[in-house]
2 protein chains.
Amino acid sequence: MDQFMQAAIDEARLGRSEGGIPIGSVLVRNGEIVAKGHNKRVQELNPIKHGEMDCLNNAGRQRSYRDTVIYSTLMPCYMCAGTIVQFKIPKVIVGESRTFDGAREFMESHGVEVIDLDLQECVDMMNEFIEAEPVLWNEDIMEL
Amino acid sequence: MDQFMQAAIDEARLGRSEGGIPIGSVLVRNGEIVAKGHNKRVQELNPIKHGEMDCLNNAGRQRSYRDTVIYSTLMPCYMCAGTIVQFKIPKVIVGESRTFDGAREFMESHGVEVIDLDLQECVDMMNEFIEAEPVLWNEDIMEL
């Protein structure tokens, strides 16, 4: 397992242990973690705190993201994908897209490289959560 | 002046008075303000706190946004536009798009109605800021 995806998975599991939604994210530059984050909709009653957004929040002000890679345990939604496009993050590595297909084509159409590792561990983590908390998950992706 | 756009302008001016970027936003449902917000990149050292994102943060968890309208003093960037699409906010009313053209076509391609009031007051507010703080503005839209 890639150490950065492992760090994103650890963030996701931390979120689940807090009663939240198990999606984690890590921002990397030059082989080092700049910031980590996880979905905090439940913990902070905050709909904009998806995993990737929390990670970018925690990274603070960066002069540029052109030399960064963002990892996420799940394919980014349009909010997170729009942020990646706006911030000009050139590369996204995701754990899976089977439980949520997200906005891959939108990112690719803006020149973002998207790599889907299709990890069974990430699929299992989301399926366990969606089965346990279907209403919460549908609220997070606005499918209510 | 529309009272909701006036409230968004008031938020933008509050942000400028705090040393921040003068962009404000208001979320409205059934003719009442649900939440207000303004760009807080400077105030909170937070790159995800654009005006619209701060407003949606302040609105907290909402069951649905299908009956809401979001106002912004400036055309939304891809981060904020992606959030509007993801949250299924059906209508966006903006103060202007002359100083930043944003992601109008992206929103419209996803069925969002976008109304641009093209208000000179909003254009003047942004031009004053961009002239005074060009580096900060370019950081916020990632044009460094």
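Rules used throughout
Along each chain, the written sequence defines residue order, and numbers are assigned to residues from 1. Chain labels run from A onward and ligand labels from 1 onward, assigned in the order the entries are written. Only residues with pLDDT of at least 70 get local features here, since the model is predicted, and only at 80 or more are side-chain atom pairs given and counted; chain-wide, interface and lining totals rely on the full set of residues. As a rule here, side-chain values cover all heavy atoms of the structure and leave hydrogens and water aside. Numbering goes from the N terminus for both helices and strands, where a helix is a DSSP run of H or I of at least four residues and a strand is a run of E of at least two. Radius of gyration: C-alpha atoms only; globule rule: 2.2 Å multiplied by the number of residues to the exponent 0.38. Nitrogen and oxygen atoms within 3.5 Å of one another constitute a polar contact, given that in protein one can donate a hydrogen and the other can accept it, and given that sequence-neighbouring residues count only through two side-chain atoms. Any two residues whose heavy atoms approach within 4.5 Å are treated as being in contact. A strand pair is defined by DSSP finding two or more bridges across the two strands. When two parts are put together, the accessible area they lose, computed with a 1.4 Å probe and summed over both, is reported as buried area. The term salt bridge refers to a side-chain nitrogen of Lys or Arg lying within 4 Å of a carboxyl oxygen of Asp or Glu. Throughout, the ten residues Ala, Val, Leu, Ile, Met, Phe, Trp, Tyr, Cys and Pro are labelled nonpolar, Asp, Glu, Lys and Arg are labelled charged, and all others, Gly among them, are labelled polar. Superposition of the copies used a least-squares fit over C-alpha atoms from residues whose pLDDT is at least 70 in both.

- By the naming in an unreviewed UniProt entry, chain A goes by Nucleoside deaminase and is assigned to Hymenobacter saemangeumensis.

**Side note on the overall build of chain A**
Move 1: Along its length, chain A carries 6 helices and 5 strands.
Move 2: Counting from the amino terminus, helix and strand elements in chain A follow one another as α-β-β-α-β-α-β-α-β-α-α.
Move 3: For a compact globule of 144 residues, the expected C-alpha radius of gyration is about 15 Å, and chain A comes in at 14 Å, within 12% of that figure.
Move 4: Each principal axis of the C-alpha distribution contributes one length, and for chain A these read about 40 × 30 × 25 Å.

**Side note on the side chain of D54 of chain A**
All names here are of chain A.
Move 1: Along the chain, D54 turns up in helix α2 (residues 51–59).
Move 2: A polar side-chain atom of D54 sits 2.9 Å from the main-chain amide nitrogen of H38.
Move 3: Apart from residues no more than four positions distant in its own chain, D54 is found in contact with K36, G37, H38, K40 and K49.

**Overview of the pairing of strand β2 (residues 32–38) of chain B**
Residues and elements named next belong to chain B.
Move 1: Note: strand β1 (residues 24–29) against β2, 6 bridges, orientation antiparallel. Looking across to β2, one finds that V28 is bridged to I33.
Move 2: Linking β1 to β2, which pair antiparallel, is a turn of 2 residues; within it N30 sits at a positive phi near 50 degrees.

**Some words on the interface of chain B and chain A**
Move 1: Every contact between the two is made by 33 residues of chain B and, on the other side, 33 residues of chain A.
Move 2: Summing both partners gives a buried area of about 3,100 Å² for chain B against chain A, and 60% of it is carried by carbon and sulfur.
Move 3: Ranking the residues of chain B by area buried against chain A places R61, Q86 and M142 of chain B at the top, with a combined share of 25%.
Move 4: The interface formed by chain B and chain A holds 4 salt bridges in total.
Move 5: The partner of E143 of chain A in a salt bridge is K88 of chain B, with the nearest N and O atoms 3.2 Å apart.
Move 6: Between chain B and chain A we count 14 residue pairs in polar contact (both at pLDDT 80 or more) in total.
Move 7: The element best represented in the side of chain B that touches chain A is helix α4 (residues 78–86) of chain B, accounting for 6 residues.
Move 8: Its residues assigned to classes, the side of chain B that touches chain A comprises 18 nonpolar, 8 polar and 7 charged.

**Regarding the relation of the copies chain B and chain A**
Each of the two chain copies can be brought onto the other by rotation about an axis and movement along it.
Move 1: For the pair chain B and chain A, the best superposition has an RMSD of 0.0 Å and corresponds to a rotation of 180 degrees with a translation of 0.0 Å parallel to the axis. Given the turn and translation reported, the copies of this chain are related as if by a two-fold rotation axis. The position closest to the rotation axis in chain B is occupied by the C-alpha of G82 of chain B, lying 2.4 Å away.
Move 2: The fraction of interface residues of chain B whose copies in chain A are also interface residues reaches 100%, indicating that both copies meet through the same surface.

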